[in-house]
Amino acid sequence: MSVNISIALAGIKLDTCVFNAAGPNDVTLEELEIIAKSKSSAITTKSCTLEPRVGNPEPRYADLELGSINSMGLPNLGYKEYIKFAHILKSKYSKPVVASISGLTFDDNLVIFKAFNDSEADILEFNPGSPNTIGKPTMGYDLEYLDQSLKEITKICKKPLGIKLPPYFDFVHFEEVAKIIRKYNVLYISSINSIGNALVIDSEKEEAVIKPKGGYGGLGGKYIKPTSLANVRKFYELVGDKVQLVGCGGIYTGMDVFEFILAGASAVQLGTVFIQEGPSCFARVQEELKSIMQRKGYTKLEDFKGKLKVL
Ligand code: DHB
């Protein structure tokens, strides 16, 4: 029995539902070409800002027993480079490019979104969720800012638009965010960004494992999967009639992907596992998903998407 794990995300055809999350190993053209040559079904670029940034002081990333912590501080080459990279990647590889955009200010985002209209990126992913920019709050927790940003971005943006959201923990917050998202032409929500401002301590050294911000950083990997599943499920319940969901956070295996799709995801993004395992993770996870589907008698994702049973 052959199984089909292709999807259309934001109207763009992807060969499979598994691709890379914005953030890990996606800053330089060399890194992006590694993703292009892997089985990742799209090439997502590092969240970009108006100007290039070196990011926070090192060490700013640490592998943990069950995941990772990072406070990279948006190291990136500036949006103009990613517009050039989109052109190069599209001319060399037949794979959709997802450009992640995380301007430091309201006005920066408008400049960047406007410029990407004339790029070859297939999808633009607005990221108001970085918890690591020193001196800046997580924009996705300022709902008035989120509302105003989406209002202006959706006026400007001519490309399919998705949004990466930070994790929420209270149903009232989900409802408020869903109400905002519903007002605008946002085609997918990727949930979740890392769980912000976690602290991991090396007890032998009696110090934090990363340097920036006194040791606080975004938690990723297995620690966060129950939270990312809940965020996908809750947004699927609230806006799933209109907006696609992309699962992100703690996905290491085909079984993880299966669970996210049951919860309502149309696709998933791999972050920490891509750092820890390298680009072979995309093919492995896809093969695992296909064999689970075969075992269960499912031939396509729609057979079980969103069909989580509740007791
Ligand atoms: C960074 C971290 C994030 O979680 C994010 O969404 C964007 C940028 C960073 O520290 O580079």
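Conventions we followed
Residues numbered from 1 in each chain as written. Predicted model: local features only at pLDDT ≥ 70, side-chain atom pairs only at ≥ 80, totals over all residues. Heavy atoms only, no water. Core = buried A, V, L, I, M, F, W, Y, C linked by side-chain atoms within 4.5 Å. Buried < 20%, exposed > 50% of the residue type's maximum accessible area, 1.4 Å probe, protein only. Contact = heavy atoms within 4.5 Å. Phe/Tyr/Trp six-rings, centres within 6.5 Å; stacked < 30°, edge-to-face > 60°. Lys NZ or Arg CZ within 6 Å of the ring centre and 35° of its normal. Pairing = 2+ DSSP bridges. Helix = DSSP H or I, 4+ residues; strand = E, 2+ residues; numbered from the N terminus. Axes fitted to C-alpha atoms, helices over the stretch in contact; angles between N-to-C directions. 1 Å grid on protein atoms, 1.4 Å probe; cavity = no way out; pocket = protein on both sides within 12 Å on 5 of 7 lines; lining within 4 Å. Points joined across faces, edges and corners; volume = space filled by probe spheres on them. Nonpolar A, V, L, I, M, F, W, Y, C, P; charged D, E, K, R; others polar.

Novice: I would appreciate a short explanation of the nonpolar core in the present structure.
Specialist: Inside soluble globular proteins, nonpolar side chains tend to come together where they are buried. Residues Cys17, Phe116 and Phe235 are the most contacted members of the largest nonpolar core, which totals 82 residues. For Phe116, the residues in contact, after removing those within four places along its chain, are Cys48, Tyr79, Tyr82, Ile83, Ala99, Ile101, Ala121, Leu124 and Lys159.

Novice: How should I be thinking about the packing of aromatic side chains in this particular structure?
Specialist: Considering all chains together, one arrives at 12 aromatic pairs under this definition. Their ring planes at 65° and their centres at 6.0 Å tell us that Tyr168 and Phe174 sit as a pair that is edge-to-face. For the residue pair Tyr168 and Phe174, the accessibility class agrees, reading buried in each case. Among the aromatic residues, those joined into a ring-pair cluster are Tyr141, Tyr168, Phe171, Phe174 and Phe235. Stacked on the ring of Tyr252, the Lys or Arg Lys222 has its end atom at 4.4 Å from the ring centre. One cation-aromatic arrangement involves Lys234 over Phe171; the distance from NZ or CZ to the ring centre is 4.0 Å.

Novice: Help me understand the sheet that holds strand 14 (residues 216-221), please; the structure alone is not making it clear to me.
Specialist: Two strands in a sheet stick together by hydrogen bonds in their backbones, pointing the same way (parallel) or opposite ways (antiparallel). Taken together, four strands build an open sheet; the order of strands is 5-6-14-11 and the sheet is antiparallel. Pairing within the sheet leaves two strands with one partner each, and these edge strands are strand 5 (61-64) and strand 11 (195-199). Sheet twist, expressed as the average angle between the axes of neighbouring strands with direction ignored, equals 40°. Note that strand 6 (residues 67-70) and strand 14 share four bridges and pair antiparallel. In the sheet register, Ile69 faces strand 14, and the bridge partner there is Leu219.

Novice: Would you mind showing me how to read empty space enclosed by the protein here?
Specialist: One water molecule sets the probe size; rolling that probe over the atoms shows where empty space is left. Across all of its chains, the model carries one cavity of 30 Å³ or more by this definition. Its boundaries defined by the atoms lining it, the largest cavity holds a volume of some 100 Å³. Looking at the largest cavity, it is lined by 14 residues, and the ones nearest its centre are Ser102, Gly103, Ser130, Thr133 and Met139. By residue class, the composition of the lining of the largest cavity is six nonpolar, seven polar and one charged.

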